[in-house]
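Residues per chain are reported as follows:
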Amino acid sequence: MFINNFDPVAFHIFSLEIRWYSLAYIVGIILGWTYCKKKLIKDKHILDLFDDFITYLIIGVILGGRIGYALFYNLEYYLENPFEILMVWNGGMSFHGGLIGVIVASQLFSSKHKVNQFIFLDLVALSAPIGIFFGRIANFINSELIGRATDLPWSVQFVLIDNIKRHPSQLYEAFFEGIILFLVLGYFFKKNYLQSPGKISALFLIFYSLFRFLIEFFRSPDPQIGYLILNLTLGQLISILFLVAGTFLFYLRNNEK
């Protein structure tokens, strides 16, 4: 068993707290940006536009993630405390909300520059596992999104939460939604799937949703929501919707003439 007593605050700059979660966002964006520009983008026009696109992307992730969390996971609380939606430093971000934010931001940017939206979405899909990996590691350090109880040898006790031995579900997600997803999508990138915009995005939705659905069986449900239909969590139900959407998108892009 591992004892997790990490401090969520990485360091201080005078009175300002720099948290691991903030650093995860920063590192994920920088590495994803570098990966796209150095390894993925071959078209000079897209390369020239990409730096401007990053601004749209960051805004989409933050707004979508925060609003998605408020709507999906804690609507009643935020209806009573609407100004706290702006307090992103207090935690509470939804991956699926951030994903919707990215889709909207990509659509706005692509329409403005008259470029196929899926060109940018595919680039985001290929690089997103980098950010997901660091984000899940930050979740582990922060003792949040904790796993269900277990007696397995690699169990973790999150002392900031309770004395129960739990699955390190954040690390499971970091491995599958980060490393494995990155390798899977990288394989399809080498198969020239970027030449058919939209396929990589569809595969991202499919594989991420599958991984997320399965790992949620090892993750504690949100306490304010608990278990829902068929004893599934809200994260699993949303993952099913995105899995269906990804499958439908792949069918459409694969059969496009």
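The rules behind each value
Residues numbered from 1 in each chain as written. Predicted model: local features only at pLDDT ≥ 70, side-chain atom pairs only at ≥ 80, totals over all residues. Heavy atoms only, no water. Helix = DSSP H or I, 4+ residues; strand = E, 2+ residues; numbered from the N terminus. Contact = heavy atoms within 4.5 Å. Phe/Tyr/Trp six-rings, centres within 6.5 Å; stacked < 30°, edge-to-face > 60°. Lys NZ or Arg CZ within 6 Å of the ring centre and 35° of its normal. 1 Å grid on protein atoms, 1.4 Å probe; cavity = no way out; pocket = protein on both sides within 12 Å on 5 of 7 lines; lining within 4 Å. Points joined across faces, edges and corners; volume = space filled by probe spheres on them. Nonpolar A, V, L, I, M, F, W, Y, C, P; charged D, E, K, R; others polar.

(A) Looking closely at the environment of Phe213. For Phe213, the position within the fold is in helix α7 (residues 199–215). When the C-alpha atoms of Phe213 and Phe14 are compared, they prove to be 42 Å apart, with 199 residues separating the residues in sequence. What Phe213 contacts, discounting residues up to four positions off in sequence, is Leu232, Gln236, Ser239 and Ile240.

(B) A look at the packing of aromatic side chains. In this structure the tally under the stated criterion is 25 aromatic pairs. The rings of Phe50, Phe53, Tyr56, Phe109 and Phe120 are connected pair by pair, giving a single aromatic cluster. Taking the ring centre of Tyr193 as reference, the NZ or CZ of Lys199 above it sits at 5.1 Å.

(C) Region of the structure containing the layout of surface pockets. By volume, the second largest pocket is sized at about 260 Å³. Together, 13 residues line the second largest pocket, and Leu40, Lys42, Asp43, Leu194 and Gln195 are the ones closest to its centre. For the lining of the second largest pocket, the element with the highest residue contribution is helix α5 (residues 117–141), accounting for 3 residues. Classifying every residue of the lining of the second largest pocket gives 8 nonpolar, 2 polar and 3 charged.

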